[in-house]
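Coordinate inspection notes
Listed below are the residues making up each chain.
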Amino acid sequence: MSDITNFDNLRSPVGCEQADPRRIGLYPMIGKRLLDILLALILFPVLTPVIALLWVISRRDGGPGFFGHARIGKDGTPFTCWKIRTMIHGAEDVLAEHLKTDAKAAQEWARDRKLSRDPRITGLGLFLRRSSLDELPQIWNVLRGDMSFVGPRPIVRCELSKYGSAAPIYLSQKPGITGLWQVSGRNDVSYEDRVSFDIDYLARRTFSFDIKLILLTGLSVIARTGR
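Residues numbered from 1 in each chain as written. Predicted model: local features only at pLDDT ≥ 70, side-chain atom pairs only at ≥ 80, totals over all residues. Heavy atoms only, no water.

With 85% of its residues at a pLDDT of at least 70, the protein chain reaches an overall mean of 85. The spread of mean pLDDT over the elements of the protein chain runs between helix 7 (residues 180-183), the lowest at 85, and strand 3 (residues 148-150), the highest at 97. Low pLDDT, under 50, characterises residues 1-8; the predicted model gives this stretch 18 contacts beyond four residues in sequence or across chains. Note that residues 11-18 has pLDDT below 50 and, in this model, 10 contacts with residues that lie over four places away or in other chains. (pLDDT = per-residue confidence, 0-100. Helix = DSSP H or I, 4+ residues; strand = E, 2+ residues; numbered from the N terminus. Contact = heavy atoms within 4.5 Å.)

Right, dumping it as structure tokens:
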């Protein structure tokens, strides 16, 4: 899969080691939250009917329309990250059995926390993931202040160890609906690269950069680069 944009043009020329979670400017302190609220209030009336329709369609198999999963937010605070359900009933049991019987899949899961061929995902779920429509309910997380429109990919607690010494970088920011990971081949990069995206973003967290990433995300959604 080719990236929606050239990541070299987005990456900081000074290097990831320049990111410092203690360095806070006016935009990260105030402006970023104001942008989140403004965008959420503008988009909420438009997205609500779409979310409601996807919720109804997702419930056709008798399962819940929404799926809430515990993620780690800023300062290590856990929160429920909401999505349109894309998996079958008993997904965790199916995953456990699959990893027991498929050593290659088990290695892939341990390395990347995702599978290129995931037996849990429904046909509708595959479409929702590729179009990123499953993430629309996260606008509620933005309104609540759990997430930002732009930030690190929200992770589960056990993934924090993969960040190593960069863990404070992740914990100093609110996870984002989108970010560098979203527009830079998010499903075809190593976990180390995903960590570097979060570090690099912190060093370049400005209003203009956030707007650029939001616009690029729109192109990514149109191109259906998710998984």
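Moving on, we come to helix 8 (residues 191-203). With 13 residues, helix 8 extends 19 Å between its outermost C-alpha atoms, agreeing within 8% with the 18 Å of an ideal straight helix rising 1.5 Å per residue. Within helix 8, 10 of the 13 residues are buried, leaving the element largely enclosed by the surrounding structure. Considered for burial, the residues of helix 8 that qualify are Tyr191, Arg194, Val195, Ser196, Phe197, Asp198, Ile199, Asp200, Tyr201 and Leu202. (Expected span 1.5 Å × (residues − 1). Buried < 20%, exposed > 50% of the residue type's maximum accessible area, 1.4 Å probe, protein only.)

For the rest of this paragraph, the subject is a nonpolar patch on the surface. A contiguous nonpolar patch, built from Phe44, Trp55, Val56, Phe66, Trp82 and Trp140 and spanning about 560 Å² of accessible area, is present on the exposed surface. No other element matches helix 1 (residues 26-58), which puts 3 residues into the nonpolar patch. On the accessibility criterion, Trp140 (45% relative accessible area) is partly exposed. (Patch = residues over 30% accessible without salt bridge, like charges linked within 9 Å, V, L, I, M, F, W, Y side chains within 5 Å. Areas by Shrake-Rupley, 256 points an atom, 1.4 Å probe, with all protein chains shown as cover. Salt bridge = Lys/Arg side-chain N within 4 Å of Asp/Glu carboxyl O.)

Glancing now at the packing of aromatic side chains. Per the stated rule, a full pass over the model turns up 5 aromatic pairs. Ring centres of Trp55 and Phe66 lie 6.4 Å apart, and the angle between their planes is 40°; on these two criteria the pair is classed as tilted. Remark: Phe66 occurs in strand 1 (residues 66-72) and Trp55 occurs in helix 1; sequence separation between them is 11 residues. Of the residues examined, Trp55 reaches a relative accessible area of 32% and is grouped as partly exposed. Both rings, one in Tyr163 and one in Tyr170, keep their centres 5.4 Å apart while their planes meet at 55°; by these two values the pair is tilted. Across the pair, Tyr170 and Tyr163 agree in class, each one buried. Through a chain of ring-to-ring contacts, three or more aromatic side chains come together here, namely Tyr163, Tyr170 and Tyr191. One cation-aromatic arrangement involves Lys162 over Tyr191; the distance from NZ or CZ to the ring centre is 5.4 Å. Arg204 extends its terminal NZ or CZ atom over the ring of Phe209, reaching a point 4.4 Å from the ring centre. (Phe/Tyr/Trp six-rings, centres within 6.5 Å; stacked < 30°, edge-to-face > 60°. Lys NZ or Arg CZ within 6 Å of the ring centre and 35° of its normal.)

Next up on the list: the environment of Leu95. Locating Leu95 in the fold gives a position in helix 2 (residues 91-101). Judged by its relative accessible area of 5%, Leu95 falls in the buried class. Not counting residues within four places of it along the chain, the set of residues in contact with Leu95 comprises Trp109, Leu115 and Arg120.

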